[in-house]
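# A closer look at the structure
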Amino acid sequence: MAVRARAPGKIILSGEHAVVHGSTAVAASIDLCTQVSLRFPIDSESDDSLIKLQLKDMALEFSWPVGRLKKMLPELGIPQSSTPTPCSPETLKSIAALVGEHNIPEAKSGLAAGVLAFLYLYTSIQGYKPATAVVTSDLPLGAGLGSSAALCVSLSAALLAFSDSVSLDFSHQGWLTFGESELELVNKWAFEGEKILHGKPSGLDNTVSTFGNIIMFKSGNLTLLKSRMPLRMLITNTKVGRNTKALVAGVSERTFRHPDAMAAVFSAVDSISKELSTIIQSHAPDDLSITEKEKKLEELMEMNQGLLQCMGVTHASIETVLQTTLKYKLTSKLTGAGGGGCVLTLLPALLSGTVVDEVIAELESCGFQCLIAEIGGKGLQICFDASS
Ligand SMILES: Nc1ncnc2c1ncn2[C@@H]1O[C@H](COP(=O)(O)OP(=O)(O)O)[C@@H](O)[C@H]1O
Ligand SMILES: C[C@@](O)(CCOP(=O)(O)O)CC(=O)O
Ligand SMILES: [Mg+2]
């Protein structure tokens, strides 16, 4: 018996970083997913049995003998699948030692954090039960599209599908969604994984990956939004690598140095997100008012980008995208943690295909990669495979 779970990445329309400090953010799922397939062998009780992780896209494989995990992580022996628990600093140290025994190539050292999150979620939810997990993803890693959350959500779901905490119809054919309470449980576990990856996550990314749609999020609470206007976004990946954990920590340090000024910045972002959610949800009966709404949205995106600059998370590559799209009278803002990664550009409904092609060609001539993703689609889904 095997299970596959897939969870989408996301774009943040407004509020990244500020959301970590309690401001409102607006985000949407995108149609690029991370998929985890999990297979348990039939007879597998010996200590020589392995827990295996294959990262297919990177052609990397990790495995740990069950006996070694029992020795190094004795505290995780009894699965606690129904009670998501933070990873203690001592456990994280032991897991880091286990991951350190595998020589991850220098150029791929960023993956170590993902492997740490894997081992923690695995042993916490399934204990030492041997299995093979295979991960594949459509998402660029570390580019602001929430690959870390999509990994934690799909992994938590695959692990929980075979736990006592969730009861599912294994004979169901094709993709299915969890019920509300199961989604909540997946989301809580994924948040614990994101803590390992982001240090201090807001929970926004794992929530939008779990529940899909367009959401407004503040201090752990989500509201589903219904957009009543076309929201076509061009996503430009600057391909400048960066690390969310370091950027989030940098904003916290700046907040510590300038608490009053940063409080004002976060409060402005909160207002921007609230206004943005009102605009996208309001009714617009004709093209003219859609254009008016787009103008307001563009202004809010521009203001949010300015405040992200105040937080110190923009980058020369992001500024190049902003300048390039501005030549075509288009407005952009960074999405995700910044410092490189991806930039969003609003493509107004009446914008001609020729202009879209031209702007993409110019951005790609700078070495960037462009895509237009469907936004606000499904969240987490799972699928059983009885034949394997
Ligand atoms: N498919 C994956 N396989 C292994 N690790 C992954 C995968 N997806 C994400 N990760 C982990 O998440 C990290 C990227 O997360 P982060 O810096 O938060 O950026 P983002 O979430 O925007 O992609 C990677 O460096 C890696 O450790
Ligand atoms: C910067 C932040 O708001 C979003 C980070 O997104 P990403 O990991 O860059 O995709 C952090 C968070 O909300 O946990
Ligand atoms: Mg992330």
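Basis of the calculations
Residues numbered from 1 in each chain as written. Chains lettered and ligands numbered in written order. Predicted model: local features only at pLDDT ≥ 70, side-chain atom pairs only at ≥ 80, totals over all residues. Heavy atoms only, no water. Pairing = 2+ DSSP bridges. Helix = DSSP H or I, 4+ residues; strand = E, 2+ residues; numbered from the N terminus. Axes fitted to C-alpha atoms, helices over the stretch in contact; angles between N-to-C directions. Donors = N, O, S within 2.8 Å, 3.2 Å for Na, K, Ca; no water. Near = heavy atom within 4 Å. Polar contact = N/O pair within 3.5 Å; in protein donor to acceptor, adjacent residues only side chain to side chain. Nonpolar A, V, L, I, M, F, W, Y, C, P; charged D, E, K, R; others polar. Domains from an automatic or database assignment. UniProt positions renumbered as here; feature names shortened; annotations may be inferred. Buried < 20%, exposed > 50% of the residue type's maximum accessible area, 1.4 Å probe, protein only. Phe/Tyr/Trp six-rings, centres within 6.5 Å; stacked < 30°, edge-to-face > 60°. Lys NZ or Arg CZ within 6 Å of the ring centre and 35° of its normal.

### Quick word on the sheet that holds strand E9 (residues 332–335)
With antiparallel pairing, four strands are arranged side by side in an open sheet as E9-E10-E8-E11. Edge strands, defined here as strands with exactly one partner in the open sheet, are E9 and strand E11 (369–372). Geometrically, the sheet is characterised by an average inter-axis angle of 30° between neighbouring strands, direction not taken into account. In terms of strand pairing, E9 meets strand E10 (residues 342–346) through four bridges, oriented antiparallel.

### A few points about the coordination of the magnesium ion (ligand 3)
Protein coordination at the magnesium ion (ligand 3) comes from Ser 148 (OG) and His 198 (NE2), with a distance range of 2.1 to 2.2 Å. Of this pair, Ser 148 sits in helix H4 (residues 147–161) while His 198 sits in helix H5 (residues 180–198), and the two are 50 residues apart along the sequence.

### Examining the site of ligand 2
Near ligand 2 lie 18 residues; those nearest to it are Lys 10, Ser 202, Arg 242, Thr 244 and Ala 337. Contacts to ligand 2 include Asp 205, whose side-chain N or O atom sits 2.9 Å from an oxygen atom. Contact distances for ligand 2 include 2.6 Å between an oxygen atom and a side-chain N or O atom of Arg 242. Secondary-structure elements contributing two or more residues to the shell around ligand 2 are strand E1 (2–14) and helix H7 (244–257). Partitioning the shell around ligand 2 into residue classes produces seven nonpolar, seven polar and four charged. Two domains each put at least three residues into the shell around ligand 2: domain 1 (2–223 + 376–385) and domain 2 (232–372).

### Observations regarding the UniProt feature "domain: GHMP kinase N-terminal" (unreviewed entry) in the chain
Under the feature "domain: GHMP kinase N-terminal" (unreviewed entry), the UniProt entry names residues 126–212. Between the end C-alpha atoms of residues 126–212 the distance is 26 Å, and the span holds 49% helix and 8% strand.

### Regarding the environment of Asn 221
Take Asn 221: it is sitting in strand E7 (residues 221–225). The exposure class of Asn 221 is exposed, given its relative accessible area of 56%. Considered as a pair, Asn 221 and Gly 203 are 18 residues apart in the sequence and their alpha carbons are 9.2 Å apart.

### A look at the packing of aromatic side chains
A full pass over the atoms with the stated rule returns seven aromatic pairs. Both rings, one in Trp 64 and one in Phe 118, keep their centres 6.1 Å apart while their planes meet at 25°; by these two values the pair is stacked. Highlighted residues: Trp 64 in strand E4 (residues 60–65) and Phe 118 in helix H3 (residues 111–126), separated in sequence by 54 residues. Considered together, Trp 64 and Phe 118 belong to a single accessibility category, that of buried residues. Residues Phe 170 and Phe 384 carry aromatic rings whose centres are separated by 4.7 Å and whose planes lie at 70° to one another, so their mutual orientation is edge-to-face. Of the two residues, Phe 170 sits in the loop between H4 and H5 while Phe 384 sits in strand E12 (residues 381–385), which places them 214 residues apart along the sequence. Aromatic ring contacts, followed pair by pair, group Phe 40, Phe 162, Phe 170 and Phe 384 into a single cluster. Taking the ring centre of Trp 175 as reference, the NZ or CZ of Arg 6 above it sits at 3.8 Å.

### So, the UniProt feature "domain: GHMP kinase C-terminal" (unreviewed entry) in the chain
Sequence positions flagged by UniProt for "domain: GHMP kinase C-terminal" (unreviewed entry) are, in local numbering, residues 295–347. Regarding residues 295–347, the helix share stands at 53% and the strand share at 17%, and the terminal C-alpha atoms are separated by 11 Å.

### Considering the site of ligand 1
Surveying the vicinity of ligand 1 reveals 19 residues, the closest of which are Gly 110, Gly 142, Gly 144, Ser 147 and His 198. A distance of 2.9 Å separates an oxygen atom of ligand 1 from a polar atom in the backbone of Gly 144. Residue Ser 148 places a side-chain N or O atom 3.0 Å away from an oxygen atom belonging to ligand 1. For the shell around ligand 1, the secondary structure elements donating two or more residues are H3, H4 and H5. Class assignment for the residues of the shell around ligand 1 results in nine nonpolar, nine polar and one charged.

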